[in-house]
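Results of the structural survey
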There are 2 protein chains.
Amino acid sequence: MENINYDLLIENMIGKTVERPNKNTNGTLSGHAAGEPFEKNVYHYLKDKYPQNIYKQYEFLNDLYLKNPLKITAEQRYALFDSPTILFLLSRGKDATEKWDPLNIFEEKQNDTADILFHKNGYFELIDVKTRNLSKNAQAPNIISSYKLAQACSIMIDNNEFNTFSLNYIEIDWVDSQQILTCKNAHHANIFKSNPEDLYINWAAAMQIQFHVCDIRQNWEDSPKDWAYCYIRNFVYSAKHRCDEMLQKYVKPFEKYLETYSSIAASPQSPYGIK
Amino acid sequence: MENINYDLLIENMIGKTVERPNKNTNGTLSGHAAGEPFEKNVYHYLKDKYPQNIYKQYEFLNDLYLKNPLKITAEQRYALFDSPTILFLLSRGKDATEKWDPLNIFEEKQNDTADILFHKNGYFELIDVKTRNLSKNAQAPNIISSYKLAQACSIMIDNNEFNTFSLNYIEIDWVDSQQILTCKNAHHANIFKSNPEDLYINWAAAMQIQFHVCDIRQNWEDSPKDWAYCYIRNFVYSAKHRCDEMLQKYVKPFEKYLETYSSIAASPQSPYGIK
C-alpha cells in the first residue's frame, strides 16, 4: 500500500536548488545543517500535493489533541490512537503528553521517528529525508534506532498488526556550487522492502541502523509479518555478535593487567605504594 | 609536573567575549560550533605566554617531520618519538605518515587526541577545550575514547613510562547575549588526578568517556602507575557490564519471538508463507 507517488517526488526534487545555509561565514557545511532546506522543500512539495494528509510528526499530534479537547490525561490522549504500533512510534512521553495544552503545543524534537508523515484512513507513511554532499565520501547516515525498530516489530507481532504503516527514506544528493546547493539526484526506499539481513547496526553510534538510501536493496518478497520476525532475529544476532566482539576487543587483551594489579596490590612489599 | 599555570589561564578567560559564529542566520547554536572561537582564544593566550612550547597537535607533527627531512619512511618518522605512549597518542596512521611531505603537510583532524599541546624536555601536556552553553542543560561532552585511553595505559605499563604526559581539559562556560558570547566561568581538570572509578563510559556514544570538567573530582593521590592499572580494571568492568546490560535489554526480551519464528518457519503448514 503506497499513497505517495515517490517517483514523482524524486523527479520533482532533481535540479532543485537551495541557498547555502551559512553562506555568509563560508564555514564547514555539515550534512545535517545543509539538509534542512531540502527537507523543507520535500515537505512543501508533499503538502501541496496532499494537503489533507501531510503533517510534520508534531503537527499530527497537535492536530489530534486539539480536535479532542475533552481528552486531557495522558491515558485518554494515548487512547486516541487506534494502533499500538503507531502510538509507540509517534507519541511523546507521558509527562509531555499530560502537560500538552492548546497554549503549550508540541514543537519539533530531534528524536522524533519521522520528519514528515502521510496519514489516510488509519494508514501512515512515515518519511525521513537524508541529505548527502556528493563531494564528500561520508559515512552512511543514521536511519532509525535498531532497538526502537525491534520494539515496533514486537508490538506489531503482539497485536497482529502488519498493515498500518511504512517507514520511508528519501536521499537527496547535492553539490555545492558557489552559494547554491543543487540536488543532483534523489532516491526512495521503504525499509520493509529491504532484507532485514542487509541492515547494518552501528552499536557504537547509539545502535542506529545506517545505510545510504541509494544502496539498500528493495527485494523483500515475503509478508510484513515475516519481515518483523526476521528483523528481530537479526537484531538479536547482531546484539550477541557485538557482545562477543566487545569481549574479544575490550576485555581479553586487558585481562593480564588485572592479574598483575591484584598481585601487586595484594603484596605487602608492593613497590608501587598501592594501598 | 605542570608547566602551564591553569589558574592564570582560567582567570584570563573569564569575561572574554567572542562573536556568535552564525549571527547572520540566527540559527541554532550547537555546542561545538560555538566553541571554536573560545578554543582559538585559549590557544592564542597560551601561544603568547609559551611561544616555544605551544602547538596544535598537527603543528607539532609538521614541525617534527620538517626538522628531520632525511627521515622519510613511516618507520623512520615514528622512530623520532622518544616515547611509545606519545607516539600512540599523537602520530597519524602509517599511510598518512608515509605520504607526508613539506608540500603536503598535516591539517587539523577531528579525532586528534588534543586541541593543543605543550611540549618541553620530552614532557607533554595535552589540552582539550570543551565549551558549554550555560542556558542549556546539555549532556556531558565527549572527553576521550575510553578504548584509546585503555590502550595508552597498557603502553605506559608495558614500557614503564609514567611521567611523559598529562591529559588536561578546559571547560568554558558561556552565555549568549545578543550577538556576543561571553565566558562566565572556566574550569581545568587533569584526567590523571581524577579517580578512574568516577569516569563514566558511554558505550553507545563511540565508547567515549563523558563528564563536565567542573564536576570531575581531582582527588587521586596514588601514583600514575596505580592510575593506569586502576583505569584498565575499570574499563574492563565497564565493558563486561555493558555486555550484561545488552543481553538483558536487547536479547532476552526478544528471544521468545525467535522460538515462534523457528516453529512457524519449520512448519509445512505455515500460514505465513515463510519458505
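Residues numbered from 1 in each chain as written. Chains lettered and ligands numbered in written order. Predicted model: local features only at pLDDT ≥ 70, side-chain atom pairs only at ≥ 80, totals over all residues. Heavy atoms only, no water.

1. Some thoughts on the environment of Ile143 of chain A
Residue and element names in this part refer to chain A. Selection rule: Secondary structure elements are defined from DSSP: runs of H or I of at least 4 residues count as helices, runs of E of at least 2 residues count as strands, and each element is numbered from the N terminus. Working definition: with a 1.4 Å probe on protein chains only, accessible area under 20% of the residue-type maximum means buried, over 50% means exposed, and in between means partly exposed. Two residues qualify as a contact provided that any one of their heavy atoms is within 4.5 Å of a heavy atom in the partner residue.
Note on placement: Ile143 falls in strand β5 (residues 142-145). Its relative accessible area of 4% is what places Ile143 among the buried residues. On a C-alpha basis, the gap between Ile143 and Ala206 in space is 11 Å, while along the polypeptide they are 63 residues apart. Contact partners of Ile143, with chain neighbours within four places excluded, come to Asp128, Lys130, Tyr169, Ile191, Gln208, Ile209, Gln210 and Phe211.

2. Examining the interface of chain A and chain B
Put simply, the test is: A simple way to read buried area is as the amount of 1.4 Å-probe accessible surface that goes missing from two parts once joined, with both sides added. By salt bridge we mean one thing: a side-chain nitrogen of Lys or Arg within 4 Å of a carboxyl oxygen of Asp or Glu.
Counting residues at the interface gives 45 residues for chain A, matched by 45 residues for chain B. Of the roughly 4000 Å² buried between chain A and chain B, counting both surfaces, carbon and sulfur atoms make up 71%. Contact with chain B buries surface across chain A, with Tyr229, Tyr257 and Tyr261 of chain A losing the most and accounting together for 17% of the total. Between Lys240 of chain B and Glu255 of chain A there is a salt bridge, with the nearest N and O atoms lying 3.9 Å from each other. Counting only elements with at least two residues in the side of chain A that touches chain B, the list comes to α7 (146-158), α8 (224-251) and α9 (255-266) of chain A. Ranked by residue count, the leading element in the side of chain A that touches chain B is α8 of chain A, at 18 residues.

3. A few points about the pattern of salt bridges
Applying the stated rule across the entire model yields 28 salt bridges over all chains. Among the salt bridges present, the one from Glu108 of chain B reaches Lys56 of chain B, with a minimum N-O distance of 3.5 Å. Here Glu108 of chain B is found in the loop between α6 (94-99) and β3 (116-120), whereas its partner Lys56 of chain B is found in strand β2 (residues 54-56), with 52 residues between them in sequence. Here Lys99 of chain B makes a salt bridge to Asp95 of chain B, at a shortest N to O gap of 3.1 Å. In this pair, Lys99 of chain B and Asp95 of chain B both sit in helix α6, four residues apart, roughly one turn of the helix. Side by side, Lys99 of chain B and Asp95 of chain B carry an identical accessibility label, which is exposed. Residues participating in the shared-partner salt-bridge network are Glu39, Lys56 and Glu108 of chain A.

4. Focus: the relation of the copies chain A and chain B
Applicable threshold: When the copies are superposed, the least-squares fit draws on C-alpha atoms of residues that have pLDDT of at least 70 in both.
The transform that puts chain A on chain B rotates by 180 degrees and translates by 0.0 Å along the axis, for an RMSD of 0.0 Å. Between the two chains, the operation in question is that of a two-fold axis. Rotation axis and chain A: the residue whose C-alpha lies nearest the axis is Ala204 of chain A, separated from it by 2.3 Å. A shared binding surface is used by both copies, with 100% of the interface residues of chain A retained as interface residues in chain B.

5. Focus: α7 of chain A
Residues and elements named next belong to chain A. Formally: What a helix is expected to span follows from its residue count: subtract one and scale by 1.5 Å. Pairing of N or O atoms within 3.5 Å defines a polar contact, subject to two protein rules: one partner must be a possible hydrogen donor and the other a possible acceptor, and residues neighboring in sequence count only if both atoms are side-chain atoms.
End to end, α7 covers 18 Å across 13 residues, agreeing with the expected 18 Å (1.5 Å per residue, within 8%). With ten of 13 residues buried, α7 lies mostly within the body of the structure. A distance of 3.2 Å separates the backbone nitrogen of Tyr147 from a side-chain oxygen at the start of α7, and that oxygen is part of Ser145. Within two residues after α7, Asn160 carries a phi angle of roughly 50 degrees, on the positive side.

6. Section: the nonpolar core
Nonpolar side chains in soluble globular proteins generally cluster together in the buried interior. Inclusion rule: What is meant by a nonpolar core is a set of buried Ala, Val, Leu, Ile, Met, Phe, Trp, Tyr and Cys residues, joined one to another through side-chain atoms within 4.5 Å.
The biggest cluster of nonpolar side chains holds 118 residues, and the ones touching the most others in it are Ile191 and Tyr231 of chain A together with Ile191 of chain B. Setting aside its immediate chain neighbours within four residues, Ile191 of chain B contacts Ile143, Ile144, Leu149, Leu167, Tyr169, Leu199, Phe211 and Trp227 of chain B.

7. Observations regarding unusual backbone geometry
Residue and element names in this part refer to chain B. The backbone of Asn121 shows a phi angle near 50 degrees, a positive value even though the residue is not glycine. Among the structural elements, Asn121 can be located in the loop between β3 and β4 (123-133). Even without being glycine, Asn160 reaches a positive phi, approximately 50 degrees. Among the secondary structure elements, Asn160 is positioned in the loop between α7 (146-158) and β6 (165-177).

8. Looking at the side chain of Ser145 of chain B
Residue and element names in this part refer to chain B. Summarising the element assignment, Ser145 is placed in strand β5 (residues 142-145). Accessibility expressed as a relative area gives 16% for Ser145, which makes it buried. Side-chain polar atoms of Ser145 contact the backbone nitrogen of Lys148, separated by 3.1 Å. Excluding residues within four positions of it along the chain, Ser145 makes contact with Met207 and Gln208.

9. Quick look at the packing of α7 of chain A against α8 of chain A
Residues and elements named next belong to chain A. Keep this limit in mind: To obtain each axis, a line is fitted to C-alpha atoms, and for helices this fit is confined to the stretch in contact; angles are then taken between N-to-C directions over 0 to 180 degrees. Each angle receives one of four descriptions, namely roughly parallel if under 35 degrees, roughly antiparallel if over 145, roughly perpendicular if within 65 to 115, and oblique otherwise. Crossings are sorted by hand: turned counterclockwise from the far helix by less than a right angle, the near helix makes the crossing left-handed, and turned clockwise it makes it right-handed.
Between α7 and α8, whose axes approach to 9 Å, the crossing angle comes to 140 degrees. Relative to α8, the element α7 lies oblique. Note on packing geometry: the crossing formed by α7 with α8 is left-handed. The residues of α8 that touch α7, namely those facing Ser146, Tyr147, Leu149, Ala150, Cys153, Ser154, Met156 and Ile157, are Trp227, Ala228, Tyr229, Tyr231, Ile232 and Phe235.

10. Things to note about the side chain of Asn41 of chain B
Residue position: Asn41 of chain B is located in helix α2 (residues 31-49). Once residues lying within four places of it in the same chain are set aside, the contact partners of Asn41 of chain B are Met13, Lys16, Thr17 and Val18 of chain B.

11. A short note on the pairing of β4 of chain B
Residues and elements named next belong to chain B. Rule in force here: Two strands qualify as a pair provided that DSSP identifies no fewer than 2 bridges between them.
With ten of its eleven residues buried, β4 lies for the most part within the structure. Note: β3 against β4, five bridges, orientation antiparallel. For Leu117, the partnering residue across the bridge sits in β4 and is Leu126. In this sheet, β6 lies alongside β4 in parallel orientation, the contact comprising ten bridges. Paired with Arg132 across the two strands is Asp173, which belongs to β6.

12. Here we look at the pairing of strand β7 (residues 180-190) of chain B
Residue and element names in this part refer to chain B. Direction of pairing for strand β1 (residues 17-19) relative to β7: antiparallel, over a ladder of three bridges. Bridging from a neighbouring strand, Glu19 pairs with Ile180 of β7. By the bridge criterion, ten bridges tie β6 to β7 in an arrangement that is antiparallel. Pairing of Trp174 across the sheet is with Cys183, part of β7.

13. Looking at the sheet that holds strand β4 (residues 123-133) of chain A
Residues and elements named next belong to chain A. Here six strands make up an open sheet; going across it, the order is β1-β7-β6-β4-β3-β2 and the pairing mixed. With partners counted over all chains shown, the strands left at the sheet margins are β1 (17-19) and β2 (54-56), one partner each. Strand-to-strand twist across the sheet, computed as the mean angle between neighbouring axes with direction ignored, equals 35 degrees. Sheet strands touched by helix α3 (residues 57-66): β2, β3 (116-120) and β4. Its angle to β2, the strand with the most contacts, is close to 100 degrees.

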